[in-house]
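Remarks on the overall topology
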Amino acid sequence: MTPIPVVLDVDTGIDDACALLLAALHPGLDLRGVTCVGGNAPLADVVRNTLTVLDAAGRAEVPVAAGARRPLLEESVDARHVHGSDGMADLGLAASTRSPQDRPAVELLRELADSGAGSGSPVTLVPLAPMTNIALFARLHPDAFGRLGRVVFMGGGAHVSNATAAAEFNVFHDPEATAIVLDACAEHGVPVTMYGLDVFYDPVVTVADGQALRDLGTPVGTLAGGLIDFACRRFDSDTATIGDAGAVATLLRPDVVRTQRLPVRVELSGTWTRGRTIVDLRDWAGDMAHDPHGLAPGVVDVALEIDGAAIADLWLRTVRGEL
Ligand code: RIB
Ligand code: CA
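The model shown is predicted, which means the values in this text are computed figures rather than measured ones. The residue numbers shown here count from 1 along each chain, following its written sequence. By the order in which they are written, chains take letters starting at A while ligands take numbers starting at 1. Note on the predicted model: pLDDT of at least 70 is required for a residue's local features to be given, and 80 or more for side-chain atom pairs to be given and counted; whole-chain, interface and lining totals, by contrast, use all residues. To obtain the side-chain values, all non-hydrogen atoms of the structure were included, while hydrogens and water were left out.

**Observations concerning the packing of aromatic side chains**
Short version of the rule: Centre distance within 6.5 Å is the pairing criterion for rings of Phe, Tyr and Trp, where only the six-membered ring of Trp is used; planes under 30 degrees apart are then read as stacked, over 60 as edge-to-face, and the remainder as tilted. Here, a charge over a ring means that NZ of Lys or CZ of Arg falls within 6 Å of the ring centre while also lying within 35 degrees of the ring normal.
Per the stated rule, a full pass over the model turns up two aromatic pairs. Residues Phe137 and Phe145 carry aromatic rings whose centres are separated by 5.8 Å and whose planes lie at 50° to one another, so their mutual orientation is tilted. Relative to Tyr201, the ring of Phe200 has its centre 5.0 Å away and its plane inclined at 90°; by these criteria the two rings are edge-to-face. Geometry around Phe235 places Arg234 over its ring, the cationic atom sitting 4.8 Å from the centre.

**Considering the coordination of the calcium ion (ligand 2)**
Four donors placed tetrahedrally about a metal ideally form angles of 109.5 degrees, and six donors placed octahedrally ideally form angles of 90 or 180 degrees. Under the convention used in this document: Only N, O and S atoms count as donors, using a 2.8 Å cut-off from the metal and 3.2 Å for Na, K and Ca, and because water is excluded some sites may appear unfinished. Numbered from the N terminus, helices here are DSSP runs of H or I no shorter than four residues, and strands are runs of E no shorter than two. Accessibility here uses a 1.4 Å probe with only protein chains present; expressed as a share of the type maximum, an area under 20% marks a residue as buried, one over 50% as exposed, and anything in between as partly exposed.
Every protein donor of the calcium ion (ligand 2) is listed here as Asp11 (OD), Asp16 (OD), Asp16 (OD), Leu128 (O) and Asp244 (OD), and their distances to the metal cover 2.2 to 2.6 Å. Along the chain, the residues donating to the calcium ion (ligand 2) fall in the pattern D-x4-D-x111-L-x115-D. Here the residue Asp16 occupies a position in helix H1 (residues 14-25), and Leu128 occupies one in the loop between strand S4 (124-127) and helix H5 (132-140), the gap between them amounting to 112 residues. What makes Leu128 buried here is its relative accessible area of 1%.

**Digging into the packing of H1 against helix H12 (residues 244-252)**
Using the following cut-off: To obtain each axis, a line is fitted to C-alpha atoms, and for helices this fit is confined to the stretch in contact; angles are then taken between N-to-C directions over 0 to 180 degrees. Any angle that is under 35 degrees is reported as roughly parallel, and any over 145 degrees as roughly antiparallel; angles of 65 to 115 degrees are reported as roughly perpendicular and all others as oblique. By definition in these notes, contact holds between two residues if any of their heavy atoms fall within 4.5 Å.
Axis separation between H1 and H12 bottoms out at 6 Å; the angle between their running directions is 25°. When the axis of H1 is compared with that of H12, the two are roughly parallel. Within the contact between the two elements, H1 uses Asp15, Asp16, Cys18, Ala19, Leu22 and Ala23 and H12 uses Asp244, Ala245, Val248, Ala249 and Leu252.

**Details of the nonpolar core**
Condition: The criterion is simple. A nonpolar core is a set of buried Ala, Val, Leu, Ile, Met, Phe, Trp, Tyr and Cys residues joined through side-chain atoms within 4.5 Å.
Grouped together as the largest cluster of nonpolar side chains are 67 residues, with contacts concentrated most on Leu8, Leu31, Leu128, Val248 and Trp315. If one sorts the elements of this core by residue count, H1 sits on top with nine residues. Aside from chain neighbours lying at most four places away, what touches Trp315 is Cys18, Leu22, Val205, Leu213, Ala224, Ile228, Ile242 and Ala245. If you look at the next biggest cluster of nonpolar residues, it comprises 38 residues, including Ile134, Ala144, Phe153 and Met194.

**Remarks on the pairing of strand S9 (residues 257-266)**
The condition that has to hold: The rule for pairing is simple: two strands pair if DSSP sees at least two bridges between them.
Direction of pairing for S9 relative to strand S11 (residues 299-306): antiparallel, over a ladder of seven bridges. Along S11, the bridge assignment pairs Val257 with Ile306. Pairing analysis gives three bridges linking S9 to strand S10 (residues 277-279), with the strands arranged antiparallel. Looking at S10, one finds that Val266 is bridged to Thr277.

**Side note on the site of ligand 1**
Note the threshold: To be near a molecule or strand, a residue needs just one of its heavy atoms within 4 Å of it. Under the rule applied, a polar contact is a pair of N or O atoms within 3.5 Å (in protein, one hydrogen donor and one hydrogen acceptor; residues adjacent in sequence only if both atoms are side-chain atoms). Surface exposure here means Shrake-Rupley accessible area, sampled with a 1.4 Å probe, where a residue is shielded only by the protein chains that are shown. Charged residues are taken to be Asp, Glu, Lys and Arg, nonpolar residues to be Ala, Val, Leu, Ile, Met, Phe, Trp, Tyr, Cys and Pro, and polar residues to be all remaining types, Gly included.
The full set of residues close to ligand 1 is Asp11, Asp15, Asp16, Asn40, Leu128, Met154, Asn162, Glu168, Phe169, Asn170, Phe200 and Asp244. Leu128 places a polar main-chain atom, nitrogen or oxygen, 3.0 Å from an oxygen atom of ligand 1. For ligand 1, whose unbound accessible area comes to 280 Å², protein coverage reaches 95%. Looking at the shell around ligand 1, the elements that each hand over two or more residues are H1 and helix H7 (169-173). Classifying every residue of the shell around ligand 1 by side-chain character gives four nonpolar, three polar and five charged.

**As for the environment of Asp16**
Relative accessible area serves as the criterion here: at 0%, Asp16 is assigned to the buried category. Through-space distance from the C-alpha of Asp16 to that of Gly221 is 16 Å; in sequence the pair is 205 residues apart. Excluding its chain neighbours within four sequence positions, the residues that come into contact with Asp16 are Val10, Asp11, Asn40, Leu128 and Asp244.

This is the structure in C-alpha cells:
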C-alpha cells in the first residue's frame, strides 16, 4: 500500500502526542509536516512538546511550524488540568534541540498542500485541535486549500460533548474556525470527515499496556508508556483513551469505523450551545419544506461507531515497534 501523505495540526497534548507517534511511525503513513496551535496548552508548550515527540520517534526531519496562539475570537483557555502543567504529562523529557520553522503554519500548510497535489498525491490534513490555523489557511490561501485531498478532523459530536453540556473542546474554543473550515471544504469540494466524541472515547489502552511500553526501555516506549500512565492516573482509571490517535488510525483502518454523510452546522451564537456541532440526523424529507433553515451546505462524513479495540491494537502494535 502506498503510504498516505498526511499533515497534522496539533495542540500537543497527551493524545495529540499519541497521534503524532502513530503518524510518525506507521509505514502506511507519510508524515509530511506538523503545524501547532494553542489549545491544550499555550503555543510555546505545544511546539516544544511536538518537537519532543518527533525526536523520540526518530523523525527529526519532519518540519514543524507554529501558528495561532489563540482562537479567532475567543480568549485562550487551556486544558492543563487534563494534560499536565507542561501540556504533555509532565514527563520531564529533554527538550528538543530543534526549532520550528521560521515561517508561520499557514505557509507550511500551503507548501505541503501544493507539493502534495503537484506530485499527484494530495495530502490528507488531520486537524486535532481548535481549527484556527486551518481557517486562516483557507482564508489566506484558498487555492492551496482546494488542493487538499481530504480533511479528517477531531472535533465536535453528534450526541456527545465535553467542554460544555453542548460542545466539544476543539470546536468550543474556536467555533468560527470550525465553521469557516466546513464552509471551505464545501466550497472547494474537499471531502471532510468528523472524528467526534461519539467515537473518540472508544479506543482505550490499559495501565498494563503503559507499563509494558515503559519496560521496552525505548524512547518511544518510555514516552508512550508515560503518556498512558499519566492519563490513567489523572482520571484514577485502569484505562485511558488514545483520543486524537484514533482519528489518524481511521486513515489506516477505514473498515472499522462507521460514518454517515450528514449536513453539519456549527452553533456560533447560542448562550448555552455555542460551539455545538449540529449534526442533522433527520431521515424524513417531509418536514424540509417547512424548515426555515434548510439543509446545511456543509456535508460531512460523521463517525458514529468504531471498533475501539481494533484501533487501540493498531496504535499499540505501532508504538511497540511490531509492524
Ligand atoms: O475534545 C478532545 C480534543 O480536545 C482532543 O483533540 C484533545 O487533545 C483536545 O485538544
Ligand atoms: Ca488535540
